[in-house]
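Listed here are the chains, written in short residue letters.
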Amino acid sequence: MKTNDYVKYMTQTIVKYADQPKEERRRLRLEKKQTKASFWYRWFGILPYVLYSEVKRKRRRRH
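Computed from a predicted structure; not experimentally measured.

Caption draft 1: Representation of the overall build of the chain. Secondary structure summary: the chain contains four helices and zero strands in total. For the chain, the N- to C-terminal ordering of α and β elements is α-α-α-α. With the principal axes as the frame, the chain shows a C-alpha extent of 60 × 30 × 10 Å. Residues counted as buried form 2% of the 63 residues belonging to the chain.

Caption draft 2: Spatial organisation of the side chain of Arg 25. For Arg 25, the location among the structural elements is in helix α2 (residues 22-35). Despite its burial, Arg 25 pairs with no opposite charge; the closest candidate is Asp 19, at 8.0 Å N-O. There is a polar contact of 3.4 Å between the side chain of Arg 25 and the backbone oxygen of Tyr 17. What Arg 25 contacts, discounting residues up to four positions off in sequence, is Tyr 17, Ala 18 and Gln 20.

Caption draft 3: Focus on a nonpolar patch on the surface. A cluster of nonpolar residues, Tyr 41, Ile 46, Leu 47, Tyr 49 and Val 50, forms a patch on the protein surface that exposes about 470 Å² of accessible area. Examining the composition of the nonpolar patch, we find that four residues originate from one element, helix α4 (residues 46-62), more than from any other.

Caption draft 4: Representation of the confidence of the model for the chain in the model. Here the chain shows a mean pLDDT of 86. Residues at 70 or above account for 95%. Of all helices and strands in the chain, the one with the weakest mean pLDDT is helix α3 (residues 39-44) (75), whereas helix α1 (residues 3-19) scores best (93).

Caption draft 5: Local environment of the environment of Pro 21. You can see Pro 21 is positioned in the loop between α1 and α2. A relative accessible area of 46% means that Pro 21 is categorised as partly exposed. Distance from Pro 21 to Leu 51, taken between C-alpha atoms, is 42 Å for residues 30 residues apart in sequence.

Caption draft 6: Region of interest: the pattern of salt bridges. Going through the model one piece at a time under the given rule, you end up with three salt bridges. The shortest N-O distance in the salt bridge between Arg 27 and Glu 24 comes to 2.6 Å. You can see Arg 27 and its partner Glu 24 sitting in helix α2, three residues apart, about one turn around the helix. A salt bridge links Arg 27 to Glu 31; the nearest nitrogen and oxygen atoms lie 2.5 Å apart. Here the residue Arg 27 and the residue Glu 31 both occupy positions in helix α2, the gap between them amounting to four residues, near one helical turn. Under the relative-accessibility criterion, Arg 27 is labelled partly exposed at 38%. Exposure remark for Glu 31: the relative accessible area of 37% places this residue in the partly exposed category. One continuous salt-bridge network, built from bridges that share partners, spans Glu 24, Arg 27 and Glu 31.

What counts, and where the lines are drawn
- Residues numbered from 1 in each chain as written.
- Predicted model: local features only at pLDDT ≥ 70, side-chain atom pairs only at ≥ 80, totals over all residues.
- Heavy atoms only, no water.
- Helix = DSSP H or I, 4+ residues; strand = E, 2+ residues; numbered from the N terminus.
- Buried < 20%, exposed > 50% of the residue type's maximum accessible area, 1.4 Å probe, protein only.
- Lys, Arg positive; Asp, Glu negative; His and termini not counted.
- Salt bridge = Lys/Arg side-chain N within 4 Å of Asp/Glu carboxyl O.
- Polar contact = N/O pair within 3.5 Å; in protein donor to acceptor, adjacent residues only side chain to side chain.
- Contact = heavy atoms within 4.5 Å.
- Patch = residues over 30% accessible without salt bridge, like charges linked within 9 Å, V, L, I, M, F, W, Y side chains within 5 Å.
- Areas by Shrake-Rupley, 256 points an atom, 1.4 Å probe, with all protein chains shown as cover.
- pLDDT = per-residue confidence, 0-100.

As structure tokens, this is what we get:
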């Protein structure tokens, strides 16, 4: 990507973001945060996440 193309892209992105209402930006940020995978899954994969979930579930059953 050439420098002019990159500057054009960045300008369009910033203008698009600035033109959105504040409530729309908040809503999009919350949606993105909710769909984001948990820390354990992102950093360690599915197996440790499953083990952690099972341990957490068993602890809840005890109390």
